[in-house]
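What the coordinates show
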Amino acid sequence: MEWLQSSLPSFSLSSLHSLSILLPDQKPGFTPVSVNWFPHRVCNYKCDFCFHTSTNDYILPFDDAKRALRLLADAGMKKLNISGGEPFLQAKYIGEVFKYCKRELGLESCSVVCNGSKVTEKWLETYGKYLDVIAISCDSFDTETNLKQGRAENGTATTHIDKVFTVARWAKDRNIKVKINTVVTINNWEEDMNDRIEEIGPVRWKVFQVLLLDSENTGPDTNSLRDARHLTITKEQYQAFLDRHAQQKSLVPEDNDAMKDSYLLIDEKMRFLDCSGGGKKPGRSILEVGVETALLDSGFDEKTFLDRGGIFEWTKEPEQQASDW
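What you are looking at is a predicted structure, and each value in this text was computed from that prediction instead of being measured.

Comments concerning the overall build of the chain
Secondary structure summary: the chain contains 13 helices and ten strands in total. Considering the chain as a whole, with its 325 residues, one finds that 55% of them fall into the buried category. Sequence-distant contacts, at least 24 apart, represent 73% of the contacts inside the chain between residues at least 6 apart. Approximately 15000 Å² of the chain is accessible, and the part contributed by carbon and sulfur atoms is 48%.

Some thoughts on the nonpolar core
In a soluble, globular protein the nonpolar side chains are often hidden away together inside. Counting residues in hydrophobic clusters, the biggest one holds 71 residues, and the most contacted among them are Trp37, Leu69, Leu80 and Ile134. The element contributing the most residues to this core is helix H7 (residues 160-173), with seven residues. Each residue touching leucine 69, except ones within four places of it in the same chain, is listed here: Trp37, Met77, Leu80, Val97, Tyr100, Cys101, Leu105 and Met270. Phe38, Leu211, Leu213 and Leu265 belong to the second-largest nonpolar core, a separate cluster that totals nine residues.

Quick look at the pairing of strand E6 (residues 204-209)
Across the six residues that make up E6, a large majority, six, are buried. As judged from the six bridges shared by strand E5 (residues 177-184) and E6, these two strands associate in the parallel manner. Within the sheet, the bridge partner assigned to isoleucine 180 lies in E6 and is tryptophan 205. Of the pairings in the sheet, the one linking E6 to strand E7 (residues 251-254) comprises four bridges and is parallel in character. In the strand pairing of E7, valine 207 is matched with proline 253.

Let's talk about the confidence of the model for the chain
Across the chain, the average pLDDT comes to 89, with 89% of residues at or above 70. Confidence drops under a pLDDT of 50 for residues 5-23, and excluding neighbours within four residues, the segment shows 25 contacts in the predicted structure. When the criterion is pLDDT under 50, residues 320-325 qualifies, and its contacts beyond four places in sequence or with other chains add up to zero contacts.

Calculation rules
- Residues numbered from 1 in each chain as written.
- Predicted model: local features only at pLDDT ≥ 70, side-chain atom pairs only at ≥ 80, totals over all residues.
- Heavy atoms only, no water.
- Helix = DSSP H or I, 4+ residues; strand = E, 2+ residues; numbered from the N terminus.
- Buried < 20%, exposed > 50% of the residue type's maximum accessible area, 1.4 Å probe, protein only.
- Contact = heavy atoms within 4.5 Å.
- Areas by Shrake-Rupley, 256 points an atom, 1.4 Å probe, with all protein chains shown as cover.
- Core = buried A, V, L, I, M, F, W, Y, C linked by side-chain atoms within 4.5 Å.
- Pairing = 2+ DSSP bridges.
- pLDDT = per-residue confidence, 0-100.

Structure, rendered in C-alpha cells:
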C-alpha cells in the first residue's frame, strides 16, 4: 500500500460539522479510499437488527454501475466492499462487478459481506479469483439464538452455522481472506464463541454493537421495516463480550461510536448515505453530480475510519505460480 504513506499526510481530518457547511465549490477534504456499496436491498434472512432493509428491489443497470465505479476509482477508491441485502441473491451481477473492478479498474481489494447461505463453489470457481475478502455474518453458534434474531430463512436456522464453516473452507481453499462479522445483542452478549471462532480462523473478526438507525430498524414510528430496540445492550454488556474473547487476535471491536459515521456507504442508486443524524439520509447520486460533490452528502468521519483500523492488509496473497521446469 505505497499509496498510503504518500496520501495520509495530505488527508484533512475534517469534522462532520465542517463538512456540513462546505460551500458548493469546495472539496470534501478526503479521498474515498474504501467504499461500501449496497447494490440492492433484498435479503432472504429477516434479522431484526438489520440496518439496510428491503424497502425496494431496485438494482442499477450494469453499465451505469461500471460508470459510477470508474468515477470512484478515478477519485481514489482502492477497495470496494459489497454488502446488502444479501449480495449473492444477485450472484452473477456482483461477480461481474468484481471482475470489472480487478481487470479494468485495478483495485487493490474487492470484498463482500454475506450471510453465506447462497454462496456456491461454482461461483467461487468462476469469480473467486477476483475476490480478496469474504465476510460471513455469524452472530451465534446456537441455533435458537439465531432464530430469535431472524438470522434464518423461512423460519429455520438449522443450516446457517454449518454453511458458515463450509463457505469459510471453500474461500480458504481459494486463497480468499475470511472475515467473520458478529452483531452483539441482548440475545448473544453472554455467549462464549472462542472455540468456534478459533476453528474458523478468520483474519479479522468484526464484533459490532447492535446499532439503531431511524427508518431502518427503530420500529413503525420511524417507518422502519425492522425493530431492534429490544436487542440493544449497554456499553458494559458489550465490553463483557469483548473481554470474554480478548484472546482472539483477529478481534476488531466496533461500538456504536466507532461504527456510525466511519463508513462510506453507497446505496442502490449510487448515493452516499449520511448516518450522522441518526438515520440514513441519501444524498445526490454520483451518476448525476460526480464523486466530489456527492461526497459532501456522506457525513463521513475520516478520523474515526482511520482510528478503527479501516485500512488493513486487504489484498489476498498472490497464488504461487507453478514452475515451467
